[in-house]
Amino acid sequence: MDTNKSSAQPVSLELYSFGENFFEKHHLSSTEEIKPFMDSEKKFWLNVCDLKNAKLLNEIADIFDIHILAIEDIKNNQQRPKLEEFDHFIFLVSKMIYTKKDITALEIEQVSFVFGKNFIISFQENTYDIFDPIRLRLENPHGRMRKMGTDYFTYTLLDAIIDQYYVILEMMDNTIEEIEDEITNDSQKIKLSDIYLKRKALQEIKKIIWPTREMIAAWRKSESPFIKKRTAPFINDVYEHTVEIMENLEMQRESITTLVEIFMSNISLKQNEVMKTLTIIATIFIPLTFIAGVYGMNFEFMPELQWKYGYILIWSLFLISTLAMIRYFKKKHWF
Amino acid sequence: MDTNKSSAQPVSLELYSFGENFFEKHHLSSTEEIKPFMDSEKKFWLNVCDLKNAKLLNEIADIFDIHILAIEDIKNNQQRPKLEEFDHFIFLVSKMIYTKKDITALEIEQVSFVFGKNFIISFQENTYDIFDPIRLRLENPHGRMRKMGTDYFTYTLLDAIIDQYYVILEMMDNTIEEIEDEITNDSQKIKLSDIYLKRKALQEIKKIIWPTREMIAAWRKSESPFIKKRTAPFINDVYEHTVEIMENLEMQRESITTLVEIFMSNISLKQNEVMKTLTIIATIFIPLTFIAGVYGMNFEFMPELQWKYGYILIWSLFLISTLAMIRYFKKKHWF
Amino acid sequence: MDTNKSSAQPVSLELYSFGENFFEKHHLSSTEEIKPFMDSEKKFWLNVCDLKNAKLLNEIADIFDIHILAIEDIKNNQQRPKLEEFDHFIFLVSKMIYTKKDITALEIEQVSFVFGKNFIISFQENTYDIFDPIRLRLENPHGRMRKMGTDYFTYTLLDAIIDQYYVILEMMDNTIEEIEDEITNDSQKIKLSDIYLKRKALQEIKKIIWPTREMIAAWRKSESPFIKKRTAPFINDVYEHTVEIMENLEMQRESITTLVEIFMSNISLKQNEVMKTLTIIATIFIPLTFIAGVYGMNFEFMPELQWKYGYILIWSLFLISTLAMIRYFKKKHWF
Amino acid sequence: MDTNKSSAQPVSLELYSFGENFFEKHHLSSTEEIKPFMDSEKKFWLNVCDLKNAKLLNEIADIFDIHILAIEDIKNNQQRPKLEEFDHFIFLVSKMIYTKKDITALEIEQVSFVFGKNFIISFQENTYDIFDPIRLRLENPHGRMRKMGTDYFTYTLLDAIIDQYYVILEMMDNTIEEIEDEITNDSQKIKLSDIYLKRKALQEIKKIIWPTREMIAAWRKSESPFIKKRTAPFINDVYEHTVEIMENLEMQRESITTLVEIFMSNISLKQNEVMKTLTIIATIFIPLTFIAGVYGMNFEFMPELQWKYGYILIWSLFLISTLAMIRYFKKKHWF
Amino acid sequence: MDTNKSSAQPVSLELYSFGENFFEKHHLSSTEEIKPFMDSEKKFWLNVCDLKNAKLLNEIADIFDIHILAIEDIKNNQQRPKLEEFDHFIFLVSKMIYTKKDITALEIEQVSFVFGKNFIISFQENTYDIFDPIRLRLENPHGRMRKMGTDYFTYTLLDAIIDQYYVILEMMDNTIEEIEDEITNDSQKIKLSDIYLKRKALQEIKKIIWPTREMIAAWRKSESPFIKKRTAPFINDVYEHTVEIMENLEMQRESITTLVEIFMSNISLKQNEVMKTLTIIATIFIPLTFIAGVYGMNFEFMPELQWKYGYILIWSLFLISTLAMIRYFKKKHWF
C-alpha cells in the first residue's frame, strides 16, 4: 500500500471498536490507522461515507484484500442488491429507499457491507443516515450487538435498512387510499398520469426488493464460517419481511390497476350521462320545432291557420308529445 | 423468572389437563401455577387470550423457553402464517377470518400455537371464539383428542380455524351471484366501486391462505419428533382444504373480472341505444324542419306557395321522407 | 361389525366375481355376504351406488379396513379428485361430467374407487351410469379385463369416465363455433352474459381436470404393490388424455376471450356507424336550416327577398352546400 | 401372423434397404416380404402410407412386436407429438404442418416413427410428401445417412418435418406485416374477425410445437441403446429449432395483440373525429338558427325589425359569433 | 486440408499472438499460416471477419477440428445465443445490438467465439467494430488480458458486446420519456403506431437477452477444463448484467403498456369534452329555437303576438331558460 498518497488527502473514517465489556469510538484520519485494529482480534465496525474517493476505497481494498469487482460494485451506485462469499469475508450490497417529498420522488441510496471474522465495513453515500439508533444500541453494554458476532451486527444494520421499506409502503397505502377516495367521490382533480407515477414508484421498489430477497436467501443458504447458526432465526425474520413487502407491493399494484379501471369506467359513465341529457332535450324539442316550423310556412292554403282553436290545439299537441317522450325515457330508466 | 411481578397483576389463564382417562379444567391466576403441570408429564392445553399483556407473554416464554423472535411474532398481529421448528417445540402462526357484517368488512385475528411433547399453548386476541366445540369434544371420553398426541390436538384447533374460511367463501359466492343477478337484470343500483370492494376482500383472503398452505406444507414435510406419522392423513386433509380454497378464490376472482367486463360492455350497449334514439329522431326531423323552414321564407317570388295543393304536397313529402328513413333504420337493424 | 343393524335395512349391492375362466354376478342384500369373497382370493368388483346410506358405507369401511378420512371423502361429493395410497389398498376420487341440457348446465358426479390385491370397490351417486359397456366387456371371456389385475380394472373404469370429458369438450367446441358464427354474422341475438356462462362452464371443467391430472400423475409415480408395471402404458395413455383435454380447454378459453373482444369491438363499430349517420344528416341540414331561417326573418329591409331570382339562387346555394358536404364525407371515407 | 388375410388385399409398402456400400429400393406387396430384411441385420427404412388399412398396421405391429397402444396412437390422427421408449424400439409421433391456401387454412398431418436396432418405420397419411429430398440424400453413397445409425436416420426425417414449420412461420410474418400496413394506412378493408383467424392459426401451431419440443427433450434425455451419443449434437440442433419457433410464435402473438389494440384505438380516434365534426357544425349553426328564428317571430312590437340597418347588423352578429366559435375550436386544437 | 484451394483466394485474417511478456499482430493471407501458432503453445486470438467465405470457414473448421454443426451455427446469422462444450474447445454464439438511427431501427449482428487451451477465435460479420478498445488493452503489458487464460480473454470480448446493450437501453429510456412528455402535454403529434414500434424493438432485444443469459448461466455451470475458477467472479458479473438488463426491459415494457393506457384514456377524455360542448350548446339553444319557432307560426288567433310586452317577455323567457341550463351544467360539473 502506498501510504504517501493516503496522507496527501485528509479522510474521515469512523471506527467503532467493541466487545462484551468495552466500546470505543475512533475518528481515523488515514487508512493506516486501521491496521492496529485488524491485528488486535477485537471486533470493530468501520463506516465509510465517501464513495467518490476512489483512492480511499482502493486503500481499504488493499488492507482487507477485497476483490477488485467487489470494490467496483461498491462504487457503482446502480449495483443490484446481492451477496457474494469470498474466502475471508462476505460482501453484501443493499439499497436504502426514502423520500423527502412524496411517494413519486423516491430516493435510492446504495449501502454495501463487507464483514469478516472480526470486522464489519459499511459503505454508504451518506446523504441520509439511518444508523444512529444502532450507534445508541452499541453503547448499551447489555445489548446483543456487543455479544454476538459480526454476522449479527450486519443483520442489525440490514434490518434497519429494510424496516425503512415499511415506511415507504405505508406512504403508498395512504396514497392509494387518497386516490380511492377521490375516485369514489368522483373528484375532477384526479388525472390518470398521476396514478401512472404511483405505479412507476411501485415498480422501482419492486426492482429493489426482489434482489434483496434473493440476497437474504443467499445468506440463509450460505455455509460460510462467518455466518453462525444462532443468527439464523434473525435472518429468517428479515427474509419473511421481504416476502411480506413483496406481497404488499403486489396487492398495491392490483389495487392501482383496479383504480385505473374504475377511473376509465367513470369516464364512460359520465359520457353516457352527457349523451342522455343531449338525447332527451333533442328528442323532445326537435319534433316540436318541426311542427312549429310547419305552421310558420307561408302557403296560401293552410286551413289549420284559420281554425279558431288552432293555436290552442297546437299547444296541446306540443304538450302531449312532450309527455309521451318523458314517459318513454322513464320506461327506459334514463332519468 | 420473576414471580413478584407476575403476582402484581391478576392474570386469567385457562389450562385443560387431559389424558385417556381424565379431563380437568383449571383457571390459573399466575404463570407460576403452570409449572407443576409441566413436570407431571400429563398432556395439557394452555389457552392465552391476552396478547397485550407483554409481561404475561414473557413469563410464558421463560417457562417454556420460547425464542424471543417467536414471542415477537405472537405479539405482532401482522405476522404471516408460518411454521417454525425449534428444539423442544413447534411454533405455528395462523389467521382466523370472520365478519360481523358482510364480505367487505372482513376481520382477521391472529392465532398462534406452540406445541411440544406434552403441552399445547394457543395464543389468541379472543374477540371471536371458535374453540368452544373443541372444548366439548375434549369432554368426550371416547374422542380421539384425548388419545392422540399434541400434534393431533393442534391439528384439531387449526382445522377449526380453516373450516371458518369456507363460511367466508360461501358468503363471497353469494355476493358474486347477487352481482351477477343485478348485472343480468341490468339493475341501475350496481356500482363498479362496489365490485371493487369485493375484489379487495378476495385479495385479503388470498394473502392469508397462501402462507397458510405453505405452513401446512411445512408441517407435512417436518421431521420433528413432535409430529407423529399417524397424524399425516389428517394434516393431508387440511392441506387439501387449503388447495381447494385457493382454487375457489381463483374462480371467484375470474368471475369478478368477467362481471366487470360485462358491466363495462353494458355501459357501452346502453350508450349505443341512447345514440340510436338520438340519431333516429334527429335524422327524421332535421331534414323535415329544413323543408318547413324553406317554405317559411319570405321571398316575394316563391311559386309553390300559391299552388292549390302545395300544402298537401308538402305534407306528402314529409310523410314519404319519414317512411324512407324508418325503412333505412329497419334495414340497419336499429329498431 | 354389528350385523344386526345391517340386516335391519335392505341394501342393494352389485358384486361381480371374475377370473380368467369365469364371471359371476351377485346381488347382495347385506354387507355380511361380502366376506366369503374376500377370503376366496378370487378377484371381484363391488359397485356401491348409495352414498347417502352412511351405515352401509361404515360397514364396508369396517370390512375392508378403509381409513375414516377416505370414507369421509367418499361421502363428501365436493371432494377434489386425488389418489391416496394406504397399506392394503389404493384410494381414488374422480369426477364424472355430463349434461342433460347444454354446456351451461353441467352436472358433476363423484365416483370413488378403492382397490386392493383382489378387489375393486366403486362408489357412485348413480344418477348417470357409464359403466354398462364395461359390464359387457367383463362378460367377454377373451377380454383383457378378466386376465389383468385390479389396477387394470380400475384403469378401465377411470378411462370410461375421462372419455366422457371429450363429449363435453366437443359440445363446447360446437357452442364456441355457434357464437363465432353469430358474431361474424353480426347477429342481434347474442348477449355477453351468454358467453359469460360458457366461460364459467369452462372454469368448472378446468377445476376438475387439473386435480384429475395430478391424480393420474400420482398413479404413475406410485410404487404400490397393487400397481403393476404392465399397466403403465395404459395409465400413460390416460395421462396424455388429461393433458390434451387441458390444452383444449386453454384454447377454448382463449377463443372465448377473443370472441368477447370482437363482440366489444363490434359494439364500438356500430356506435361509430350510428354517429356517422347522425353527423352526416345534421352537418348537411343544420346549416341549410339556418339559411332558410335567415330568409324567414321579418326585417323590413331585406333586399334579397325582392330579387327576382332570389328563391332560385337560394335553392342553388342549398344544392351546392349539400354537394360540398357529401364530397367532404366521401374524402373522409365516411360512406 | 395370419398371412392368408394379408394376401387378400394388395398393399403398397416402400422399403429402402441401405448400408455404407449399398442402397436398394423395394416395392413390397405383402407384409410377409418384410421378414427377410428383419433377419438380415442390414438397416432398412419402411415407409407406410396408409393409416386407414387397420389390417396392414396390425400385421406390421405383429412383425415388429409394437405395443397395442402405440398402434392406436399411429391410427389416431389426433395424437399429440410424443416419444415413448419400448424395450426393442423407440416410438415417436410428430406433426407436419402445411397449407395449400393461406395461413388460416392450415392442414396438419400426423407422421409417426418406430425405430429399432436396424429398422426405421415411418407412418404417414401421405397427402403431402416432404421426404423426397431425403430419398435423394439416401442415394448419395458419401452421405452421413448411410453411415450413421437408425437414430440419425429418424433425426433426418424429423428435421425435414420441423423445417417445414419455418415456412409457416414466414407466412405468418408476412400476414402480420400486411395487417400492420393496412392498419397504419387506415384501410377500411380490415376486419377484426380476420385478425382473429390469424390468432387462431397461431394457437394451432403452438398446440403442436409445445409437445414437439417435449418430445425432442425426451429424446435428449433418453438412455435407450438405440440412441447413440454422436447423434446428440444433431438432436440438440433440432431442439434449438423448436425453442426458436416457440419464441417466434410468442412474438407473433404479441404483435397480433398489439395490432388489435391499435385497431380498437383507431376506431376510437375516428369516432372522436366524427364527433368533432358534428359538434363544430352544430355549435356554430344552432345558436345562429335560434337568432334567425327570433327575428322570424310575428310579434307586433319588435323594434329591431324596423331599424334601417337591422338586417346588416344581424349578419354582422352571425359573422362575429361564427368567428368566435372557430377561434374557440382552434384553441381547443379541434382543427 | 486442401491447401491449394485456400491459396486460390486471398483471405484476410488478423492474428494476435500474446503472452505475459510479448504481443504481436499478424496479418495472415492463408489459413496455412495459422498452424505454426497452434503448435507453439503460445496464446493467440484469431479474428475472422468474413462469414460469407464458406471455404475459409471450412478450412478453419478443419484446422481446429470444429464440429460441422458449430460451423453451420457460425454461418447462420439467425442462430440464437448459446454455449456448447466440445472436447477440445468451447463454442459460444452472441449477438451485438446497435443502431445507426433510432431505437426502432435496431441492427443485430452475430459474433461467435471458439476458445480452447491456447486459442480464441472470434467470428463476426464486421459491419460494426467494438473490439478496438480491447486491442488497445491487449497492447498494455500490465493488463490482465495478457496474464490470464483464454476464458478471461473471451469474457472480455463478451463483456464488450453486453456493455453495448446498455447504450440501447438508455436510448429506449429516453424514447419512453419523450413519449411520456408528449402524452402528458397532450401533444397531437403522438400516434399509437409509433409506440407500437418501440414495443416491437423491446421484443427484439428481449429475444436476444434471454438466450444470452442462458448462455452465460451455462458458462457458470460449465466444468470444462478451459474455464478456470478465477474467472468465475468476472462471469458472475456479466451474468448480473444480463439479469439487470432483463429487469430494465421488463420495466420499460410495463411503462409502454401504461402509456398506451393513458393514451387511450386521453382519447376518451377528449371525446367526453367534445360531447359536453355539443350537449351544452344544443341543450341551451334547441328549446329556445323551438319557442322562437312557435311565435313564428302564422295562426290567425295567437293572442301573445298582440301583447304590448310580448317581445320583451319572450326575451326574458330566453334569458331565464339559458341561466337555468347553465346552473344545471355547473351543478353537474360540466364546466
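Note that the structure is a prediction, hence the values are computed from the model and not measured. (Residues numbered from 1 in each chain as written. Chains lettered and ligands numbered in written order. Predicted model: local features only at pLDDT ≥ 70, side-chain atom pairs only at ≥ 80, totals over all residues. Heavy atoms only, no water.)

A. Spatial organisation of the overall build of chain A. Secondary structure assignment for chain A yields 10 helices and 7 strands. In terms of C-alpha radius of gyration, chain A reaches 36 Å, well past the compact-globule figure of 20 Å for 335 residues. Considered along the principal axes of its C-alpha atoms, chain A spans approximately 120 × 45 × 30 Å. Counting over 335 residues, chain A shows a buried share of 58%. In chain A, 65% of the contacts between residues at least 6 apart in sequence involve partners at least 24 apart. Accessible area of chain A: about 14900 Å², with a carbon and sulfur share of 52%. (Helix = DSSP H or I, 4+ residues; strand = E, 2+ residues; numbered from the N terminus. Rg over C-alpha atoms; globule rule 2.2 N^0.38 Å. Buried < 20%, exposed > 50% of the residue type's maximum accessible area, 1.4 Å probe, protein only. Contact = heavy atoms within 4.5 Å. Areas by Shrake-Rupley, 256 points an atom, 1.4 Å probe, with all protein chains shown as cover.)

B. Representation of the interface of chain A and chain E. With 49 residues of chain A at the interface, the matching set in chain E holds 51 residues. Both faces considered, chain A and chain E share a buried interface measuring about 4600 Å² in area, 64% of it formed by carbon and sulfur atoms. On the chain A side of the contact with chain E, A:Arg80, A:Tyr196 and A:Tyr311 bury the most area, a combined 16% of that side's loss. At the surface where chain A touches chain E, the tally comes to 5 salt bridges. The shortest N-O distance in the salt bridge between E:Glu261 and A:Arg199 comes to 3.6 Å. Between the two partners, chain A and chain E, sit 15 residue pairs in polar contact (both at pLDDT 80 or more). Of all the elements in the fold, those that place two or more residues in the side of chain A that touches chain E are helix 4 (68–75), strand 4 (82–85), helix 8 (192–221), helix 9 (232–294) and helix 10 (310–331) of chain A. Of the residues contributing to the side of chain A that touches chain E, the split by class is 24 nonpolar, 13 polar and 12 charged. (Buried area = accessible area lost by both parts, 1.4 Å probe. Salt bridge = Lys/Arg side-chain N within 4 Å of Asp/Glu carboxyl O. Polar contact = N/O pair within 3.5 Å; in protein donor to acceptor, adjacent residues only side chain to side chain. Nonpolar A, V, L, I, M, F, W, Y, C, P; charged D, E, K, R; others polar.)

C. The arrangement of the UniProt feature "transmembrane region" (unreviewed entry) in chain A in detail. All names here are of chain A. What UniProt calls "transmembrane region" (unreviewed entry) maps, in this numbering, to residues 278–297 and 309–329. When the span residues 278–297 is considered, its composition is 85% helix and 0% strand, and the gap between its end C-alpha atoms is 28 Å. Note that residues 309–329 is 95% helix and 0% strand, and that its end C-alpha atoms are spaced 30 Å apart. (UniProt positions renumbered as here; feature names shortened; annotations may be inferred.)

D. Quick look at the pairing of strand 6 (residues 106–115) of chain C. All names here are of chain C. The buried fraction of strand 6 is high, at 8 of 10 residues. Pairing analysis gives 10 bridges linking strand 5 (residues 90–99) to strand 6, with the strands arranged antiparallel. Along strand 6, the bridge assignment pairs Ser 94 with Val 111. Here strand 5 hands over to strand 6 after 6 residues, the two strands then running antiparallel side by side. Of the pairings in the sheet, the one linking strand 6 to strand 7 (residues 119–124) comprises 5 bridges and is antiparallel in character. Residue pairing in the sheet places Val 111 in a bridge with Gln 124 of strand 7. Hairpin connection from strand 6 to strand 7: 3 residues lie between these consecutive antiparallel strands. (Pairing = 2+ DSSP bridges.)

E. Structural view of the interface of chain E and chain D. Facing the 48 residues of chain E at the interface are 51 residues of chain D. In this assembly, chain E packs against chain D so that about 4600 Å² is buried in total across both faces, 64% of it on carbon and sulfur atoms. Connecting chain E to chain D are 5 salt bridges. A salt bridge links D:Glu240 to E:Lys82, with the shortest nitrogen-to-oxygen separation between them at 2.9 Å. Here chain E is connected to chain D by 15 residue pairs in polar contact (both at pLDDT 80 or more). Only helix 4 (68–75), strand 4 (82–85), helix 8 (192–221), helix 9 (232–294) and helix 10 (310–331) of chain E provide two or more residues apiece to the side of chain E that touches chain D.

F. Representation of the relation of the copies chain A and chain E in the model. Between chain A and chain E, which share one sequence, the superposing operator has a rotation angle of 72° and an axial displacement of 0.0 Å; the RMSD is 0.1 Å. In the structure described here, the two chain copies are related by an operation that fits a five-fold rotation axis. Within chain A, A:Gly296 has its C-alpha nearest the rotation axis, a separation of 4.6 Å. (Least-squares fit on C-alpha atoms with pLDDT ≥ 70 in both.)

G. Structural view of the sheet that holds strand 3 (residues 43–48) of chain A. All names here are of chain A. Taking strand neighbours across the sheet as the criterion, the 7 strands line up as 2-1-3-7-6-5-4 in an open arrangement whose pairing is mixed. The open sheet has two free edges, formed respectively by strand 2 (23–28) and strand 4, since each of these has just one partner strand. Within the sheet, the average angular offset between the axes of one strand and its neighbour, ignoring direction, is 20°. Note: strand 3 against strand 7 (residues 119–124), 5 bridges, orientation parallel. Bridged to Phe 44 within strand 7 is Phe 119. Contacts from helix 7 (residues 150–184) reach strand 1 (13–18), strand 3, strand 5 (90–99), strand 6 (106–115) and strand 7 within the one sheet, and its direction differs from that of strand 5 by about 25°. With respect to the sheet, helix 8 is in contact with strand 4, strand 5 and strand 6, its orientation differing from that of strand 5 by roughly 155°. (Axes fitted to C-alpha atoms, helices over the stretch in contact; angles between N-to-C directions.)

H. Summary view of the domain arrangement of chain A. Annotation of chain A at the domain level lists domain 1 (13–266) and domain 2 (271–331). Each of domain 1 of chain A and domain 2 of chain A was reduced to a C-alpha centroid, and the two centroids are 75 Å apart. (Domains from an automatic or database assignment.)

I. Inspection of the nonpolar core at higher detail. Counting 325 residues, the largest nonpolar core has A:Trp45, B:Trp45, C:Trp45, D:Trp45 and E:Trp45 as its most contacted members. Those residues within four positions of B:Trp45 in sequence are excluded, and the remaining contacts are B:Glu14, B:Leu15, B:Tyr16, B:Phe18, B:Ile120, B:Ser122, B:Phe131, B:Ile134, B:Arg135, B:Leu138, B:Phe153 and B:Leu157. Counting 125 residues, the second-largest nonpolar core is a separate cluster that includes B:Ile284, D:Ala282, D:Phe329 and E:Met275. (Core = buried A, V, L, I, M, F, W, Y, C linked by side-chain atoms within 4.5 Å.)

J. Spatial organisation of helix 3 (residues 54–64) of chain A. If you check which residues of helix 3 of chain A are buried, you get A:Leu56, A:Leu57, A:Glu59, A:Ile60, A:Ala61, A:Ile63 and A:Phe64. Two residues or fewer after helix 3 of chain A comes A:Asp65, characterised by a positive phi angle close to 60°.

K. Broad picture of the pairing of strand 2 of chain A. All names here are of chain A. Bridge analysis of strand 1 against strand 2 gives 6 bridges, and the strand direction is antiparallel. Across the sheet, Leu 13 pairs through a bridge with Leu 28, a residue of strand 2. Counted along the chain from strand 1 to the antiparallel partner strand 2, the turn is 4 residues long.

L. Main features of the packing of aromatic side chains. All told, the structure shown has 113 aromatic pairs over all chains when counted by the stated rule. Consider the rings of B:Tyr155 and B:Phe234, whose centres lie 5.5 Å apart with planes at 50°: the pair is tilted. Remark: B:Phe234 occurs in helix 9 (residues 232–294) and B:Tyr155 occurs in helix 7 (residues 150–184); sequence separation between them is 79 residues. When sorted by exposure, B:Tyr155 lands in the same class as B:Phe234, which is buried. Between the aromatic rings of E:Phe64 and E:Phe119, the centroid separation amounts to 4.7 Å while the plane-to-plane angle is 45°, which identifies the pairing as tilted. Taken as a pair, E:Phe64 in helix 3 (residues 54–64) and E:Phe119 in strand 7 (residues 119–124) lie far apart in primary sequence, 55 residues in all. Neither residue differs from the other here; E:Phe64 and E:Phe119 are each classed as buried. Here the aromatic cluster, defined as three or more aromatic residues joined through ring pairs, consists of A:Tyr16, A:Phe18, A:Phe23, A:Trp45, A:Phe113, A:Phe131 and A:Phe153. The ring of D:Tyr239 is capped by D:Arg220, whose NZ or CZ atom sits 4.1 Å from the centre of that ring. (Phe/Tyr/Trp six-rings, centres within 6.5 Å; stacked < 30°, edge-to-face > 60°. Lys NZ or Arg CZ within 6 Å of the ring centre and 35° of its normal.)

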